[in-house]
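Below, each chain spelled out in residue letters.
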Amino acid sequence: MKVILVNGSPDRHGCTATALAEVAAALEREGIETEMFHIGGKPISGCLGCGRCNDSGRCFIDDCVNDFIDRAASADGFVFGSPVYFASANGAMTAFMDRVFYAAPREMFFMKPAAAVASARRAGTTVTLDQLNKYFMITQMPIVSSQYWNMVHGNTPDEVRQDLEGLQIMRTLGKNMAYMLRCLEAGRAAGVPLPAREARVATNFIR
């Protein structure tokens, strides 16, 4: 089993990466393979609403979004980490998430556990977690929790490493993710089917 951890910060070795590394270490101790995916420091366009992905399952803008979609098919679970900018997820991560979850086939994420991680100097973490969790909810992904909100605090990686409660939250998150993955694996082995999916009903409020 494999979990992909997405670093939504432009800093490959910053605070968000430090938090994700703690989650990854806990997963690996539980026998779960991990892969770090860094969205990078280049500008990421928001969704253009062109709809071309409806036929291809890939975004018309060929960048790290398509790279992630290619990798996501082989993953059993996901952790998406973002720094806090102005009390929400940073712009690049928001654009990345919008396009990934719009372009990729929903079956790619259906019933795969996911977790959000927020990193901040001080505040804005709970809003960021709420924002990221909505991508999982609309895609029918079980959300993995910890003993507290999935957040760390610090202005530098060294300060994050001093956030002992935050690091413990990350470790607990990793262990909880591993447990959920094993439960799902046991269910499959026992012949428990995934939930039946109805044809989607979409209604508009304006007639």
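Now for a description of the structure that goes with this document.

## Some details on the packing of helix 1 (residues 15–29) against helix 7 (residues 164–189)
Between two packed helices, both the angle of their axes relative to each other and the distance between the axes serve to describe the pair. One can describe the packing of helix 1 onto helix 7 by two numbers: an axis separation of 8 Å at closest approach and a directional angle of 40°. As judged from the angle between their axes, helix 1 and helix 7 are oblique. In the crossing of helix 1 with helix 7, the sense of the turn from one axis to the other is right-handed. Residue-level inspection shows Ala 19, Glu 22, Val 23, Ala 26, Leu 27 and Arg 29 of helix 1 in contact with helix 7, the latter providing Leu 167, Met 170, Arg 171, Leu 173, Gly 174, Lys 175, Met 177 and Ala 178. Residue composition of the contact of helix 1 with helix 7, by class: nine nonpolar, one polar and four charged.

## Focus on the pairing of strand 5 (residues 114–120)
Regular strands show a simple pattern: their side chains alternate between the two faces of the sheet. With seven of its seven residues buried, strand 5 lies for the most part within the structure. Side chains Ala 114, Ala 116, Ala 118 and Ala 120 of strand 5 all project onto a buried face; the interleaved residues Ala 115, Val 117 and Ser 119 project onto the opposite face, where all are buried too. Looking at chain direction, strand 3 (residues 77–85) and strand 5 are connected through six bridges and run parallel. Within strand 5, the position partnered with Pro 83 by the bridge is Ser 119.

## Some details on the side chain of Asn 90
Its location among the elements puts Asn 90 in the loop between strand 4 (88–89) and helix 4 (91–103). Here Asn 90 is in contact with Gly 8, Ser 9, Pro 10, Ser 82, Pro 83 and Tyr 85, once residues within four sequence places are set aside.

## Quick word on the pairing of strand 1 (residues 2–7)
Of all six residues in strand 1, six are buried, a share of seventy percent or more. Side chains of strand 1 alternate between two faces, with Lys 2, Ile 4 and Val 6 and Val 3, Leu 5 and Asn 7 buried alike. Inspection of the sheet shows strand 1 paired to strand 2 (residues 33–38) by six bridges, in the parallel sense. Bridged to Val 6 within strand 2 is Phe 37. You can see the chain leave strand 1, run along helix 1 and come back into strand 2, and the turn it takes is right-handed. Sheet analysis places strand 1 next to strand 3, joined by five bridges and oriented parallel. Each bridged residue has a counterpart across the sheet, and for Val 6 the counterpart in strand 3 is Phe 80.

## Considering the packing of aromatic side chains
Counting across every chain of the model gives 13 aromatic pairs. For the pair Phe 68 and Phe 80, a centre-to-centre distance of 5.9 Å together with 65° between the ring planes defines the contact as edge-to-face. Within this pair, whereas Phe 68 is found in helix 3 (residues 64–72), its partner Phe 80 is found in strand 3, the two being separated by twelve residues in sequence. Given a relative accessible area of 0%, Phe 68 falls into the buried group. When its relative accessible area of 0% is taken as the criterion, Phe 80 is described as buried. For the ring pair Phe 101 and Phe 109, a centre distance of 4.7 Å and an interplane angle of 20° mean the geometry is stacked. Phe 109 matches Phe 101 in its accessibility class, with the two residues each being buried. Taken together, the ring pairs in this structure connect Phe 37, Phe 68, Phe 78, Phe 80, Phe 96, Phe 101, Phe 109, Tyr 135 and Phe 136 into an aromatic cluster. Taking the ring centre of Phe 60 as reference, the NZ or CZ of Arg 52 above it sits at 3.6 Å. The cationic tip of Arg 197 hangs over the ring face of Phe 110; the distance from NZ or CZ to the ring centre is 4.1 Å.

Each value, and the rule that gives it
Residues numbered from 1 in each chain as written. Predicted model: local features only at pLDDT ≥ 70, side-chain atom pairs only at ≥ 80, totals over all residues. Heavy atoms only, no water. Axes fitted to C-alpha atoms, helices over the stretch in contact; angles between N-to-C directions. Helix = DSSP H or I, 4+ residues; strand = E, 2+ residues; numbered from the N terminus. Parallel < 35°, antiparallel > 145°, perpendicular 65-115°, else oblique. Left-handed = near helix turned anticlockwise from the far one by under 90°. Contact = heavy atoms within 4.5 Å. Nonpolar A, V, L, I, M, F, W, Y, C, P; charged D, E, K, R; others polar. Buried < 20%, exposed > 50% of the residue type's maximum accessible area, 1.4 Å probe, protein only. Pairing = 2+ DSSP bridges. Right-handed = clockwise from strand over helix to strand, strands pointing away. Phe/Tyr/Trp six-rings, centres within 6.5 Å; stacked < 30°, edge-to-face > 60°. Lys NZ or Arg CZ within 6 Å of the ring centre and 35° of its normal.

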